[in-house]
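Structure at a glance
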Amino acid sequence: MSGVQLNGIIKAYGAVQVVHGIDLEVNEKEFVVLVGPSGCGKSTTLRMIAGLEEISGGELTIDERVMNRVSPKDRDVAMVFQNYALYPHLNVADNMAFGLRIRKESKADIDAAVKEVAGILGLEDYLERRPADLSGGQRQRVAMGRAIVRRPKVFLFDEPLSNLDAKLRTQMRAEIKRLHKRLGVTSIYVTHDQVEAMTLADRIVVMNDGRIEQVGTPMELFLNPANSFVAGFLGAPPMNQVKAVITGGDTSPVASFKGQKLKLPALAGLQNAEGREVIVGIRPEYADVVTQPEDGSVSCELDLVETLGSEALLHMSLGGDPFVIRTDTLGRMADLDAVNGFTVKPDLIKVFDADTGVALSGQTRVA
Amino acid sequence: MSAPRDITGDAPSKVARITEHLRNEWQLYVMLLPTIIWFIVFLYKPMYGLQIAFKDYSIFRGVANSPWVGLEHFHTLFGSDQFLRAIKNTIIISFLSLCFGFPMPIILALMFNEITHQLFKKTAQTIVYLPHFISTVIIAGIVMTAFSPSAGIVNTFIQWLGFEPIYFLIKPEWFRPIFIGSGIWQEAGFSSIVFLAAIAGVSPSLYESAVVDGASRWQMMWKITLPSILPTIIIMLIIRIGNLLEVGFELIILLYQPSTYETGDVINTLIYRQGLQGAQYDLAAAAGLFNAVVAFVLVMTANTISKRYSRTSLW
């Protein structure tokens, strides 16, 4: 089993603790993405797995072997760095062969491995070139080739696409996904880009402030965020979150905010909860725009329309707070400037406790 | 109906572009001005005086009015045993300085880079940088004292081992090792700063990647640090080759004596003795011009070779 287990992993620099006891199990052949804002500890966690940072507490096992005190070279992991970390004085072939040469593998084996991986990554024509003579995408491929050629048990990716332009990033994302399918190696991937996380991951680990907020498949996290942080982090644009007070009756709770009312799902936590403060979460794509006030609609003012092609983002002002709606444009473009409110089905609304940010129970949805 | 506009448009002339550029970037050129003036005053204007290498120069007639003598001074120089000896000494001392003196700052920089204890590292660096800031006269004094046959530390040690004291500074065979060694002692530390700066520029992720690949510290030094600073090493080597004939003659003048001329007299000391002490300015100018031409050829050759084989060059 080439899985990776983190049991209560802690990282501290002197008295400052930056990773606070992480528990995570990455299964064999699984592609797990660590995602979170800058400084949340995701790269530090990855570097602890690689052996580039000392583990201050807890236990790391790879392939059922405790790795806390094992040197990086003996962990059988390969890492792809954000800035590629290609040796500028070596050509593509030598860069890819570097790790194998260090391990004193035979020349014939090295040549065969480099040739095979270059074929997989479409680098055969560039083997004699130096990194300076390659494009960003080609360098990224070489960096991956250098990792693949060693046939490690675990791949570690530290924001490998963040230096590429948007188009190339999309292209490389697909290549990484295809490669993982083909090679089937356990992979841990760090990014702050939630689109990368959603598209690449078998499971996503959302981190914040050195702690894991939630672990799950992309759709689980999208549909059932455990708290308002996860809800606000995943999704593009992120979920709208409005502070409200429960004013409804016993069985049909209503959220009151900014002088308006919105019918909520009949959750257990909202029964007889008059006066309870909550956060109402509405995904931009779940709100239906209206141009005339309707029964149950919420009024807001249109600030700006961002046209994306088949869709448009309507930037609204809800009593002074921003509120974004994603809507189709086909046959509706002319009406978008007249939008002055929205409706949303109660069962598409997420409700979080205002104090803890935790999602109220009973809201689980299935994709 | 108005006349159609010329949408092709004429590209601005070169002069207009330069004027526009100067207008936008004048601050940079103002900052550059002192350096340009320095070059003109101290390097280009003196070139006018080079013509005395081809004249029978007299300080009373001046540069312009002295009669031309063609290559007479060069004939004199190349017919002179002293000049040929000076060329030979210059080449030998320069070559040995290059062989032993050039790698030393690189080795020091690599060693400093491997020191992890910060206090020890800073102390060691300060100690090896210090000799650079000592006046050449003091350095010569230290060398003479250290190698003194009566009270010098070297001879004291030799005597302690049971041998006879050696008169280092009057023996021709010892002049070159003492001169080259003291030069390395004085400058190696300070010269290592350039290489330390180059090492600091190597991306830490290269080392991290190598660590994950299983490289040892020794392998990282050979396979990453050294190749990464190679462009800097080559640039410094080209500059050093350009100055190959510019042996630090102040120290030689302070250390040598007639008994060590045989191995210590170099072109610059000869120029000094003939030009300033012997008032043969024209002959000294011819020797200096020869020196400069050889240096120019050397730097051009080194630059071309480097450009061809390592993609690194001064221009």
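Our subject is the structure listed above.
Conventions and cut-offs
Every chain is numbered on its own, with residues counted from 1 as its sequence reads. In the order they appear in the text, chains get letters beginning with A and ligands get numbers beginning with 1. Whole-chain, interface and lining totals are the exception, using all residues; otherwise, since this is a predicted model, local features are given only for residues with pLDDT of at least 70 and side-chain atom pairs are given and counted only at 80 or more. We define a nonpolar core as a collection of buried residues of the types Ala, Val, Leu, Ile, Met, Phe, Trp, Tyr and Cys that are connected via C-beta atoms lying within 7 Å of each other. The burial criterion counts other C-beta atoms lying within 10 Å of a residue's C-beta, which is placed from the backbone; the residue is buried at 20 or more, exposed at 12 or fewer, and partly exposed between these limits. Note that contacts rest on C-beta atoms placed from the backbone: two residues are in contact if these are within 7 Å. Helix axes are fitted only over the stretch in contact, all axes being lines through C-alpha atoms; the angle between N-to-C directions runs from 0 to 180 degrees. For helices the rule is a DSSP run of H or I covering at least 4 residues; for strands it is a run of E covering at least 2, with both sets numbered from the N terminus onward. Throughout, the term roughly parallel applies to angles under 35 degrees, roughly antiparallel to angles over 145, roughly perpendicular to angles from 65 to 115, and oblique to all others. Crossing chirality is assigned from the near helix's rotation relative to the far helix, an anticlockwise turn below a right angle marking it left-handed and a clockwise turn marking it right-handed. Three residue categories are used. Nonpolar comprises Ala, Val, Leu, Ile, Met, Phe, Trp, Tyr, Cys and Pro, charged comprises Asp, Glu, Lys and Arg, and polar comprises the others, including Gly. Between any two strands, pairing holds if DSSP finds at least two bridges. Handedness of a crossover is defined as follows: with both strands directed away from the viewer, a clockwise route from the first strand across the helix to the second makes it right-handed.

Topic: the nonpolar core
In terms of nonpolar packing, the biggest core is built from 107 residues, with Val33(A), Leu156(A), Ile188(A) and Val280(A) touching the most fellow members. In this structure, Val280(A) is in contact with Val242(A), Ala244(A), Ala255(A), Leu262(A), Ile349(A) and Val351(A), ignoring residues within four places of it in sequence. Among the nonpolar cores identified, the runner-up in size contains 48 residues, and Val143(B), Phe179(B), Ala188(B) and Leu270(B) belong to it.

Regarding the packing of helix α3 (residues 107-121) of chain A against helix α4 (residues 136-148) of chain A
Residue and element names in this part refer to chain A. Contact geometry of α3 with α4 gives a least axis separation of 10 Å together with a crossing angle of 140°. Between α3 and α4, the crossing angle belongs to the class labelled oblique. Considering how the two elements wind past one another, α3 and α4 form a crossing that is right-handed. In contact with Val 117, Ala 118 and Leu 121 of α3, α4 contributes Arg 141, Met 144, Gly 145 and Ile 148. The residue makeup of the contact of α3 with α4, split by class, is 5 nonpolar, 1 polar and 1 charged.

Observations concerning the pairing of strand β8 (residues 186-191) of chain A
Residue and element names in this part refer to chain A. Summarising burial for β8: 6 of the 6 residues are buried, a large majority. Burial along β8 is two-sided: Thr 186, Ile 188 and Val 190 facing one way and Ser 187, Tyr 189 and Thr 191 facing the other are all buried. Relative to β8, strand β3 (residues 31-35) runs parallel, the two being bridged by 5 bridges. The residue bridging Leu 34 from the neighbouring strand is Val 190, located in β8. Of the pairings in the sheet, the one linking strand β7 (residues 154-158) to β8 comprises 5 bridges and is parallel in character. Following the sheet pairing, Val 154 is matched in β8 by Thr 186. Following the chain from β7 across helix α5 (residues 166-183) to the adjacent parallel β8, one finds a crossover that is right-handed.

By themselves, these figures tell us nothing about what the structure is for.
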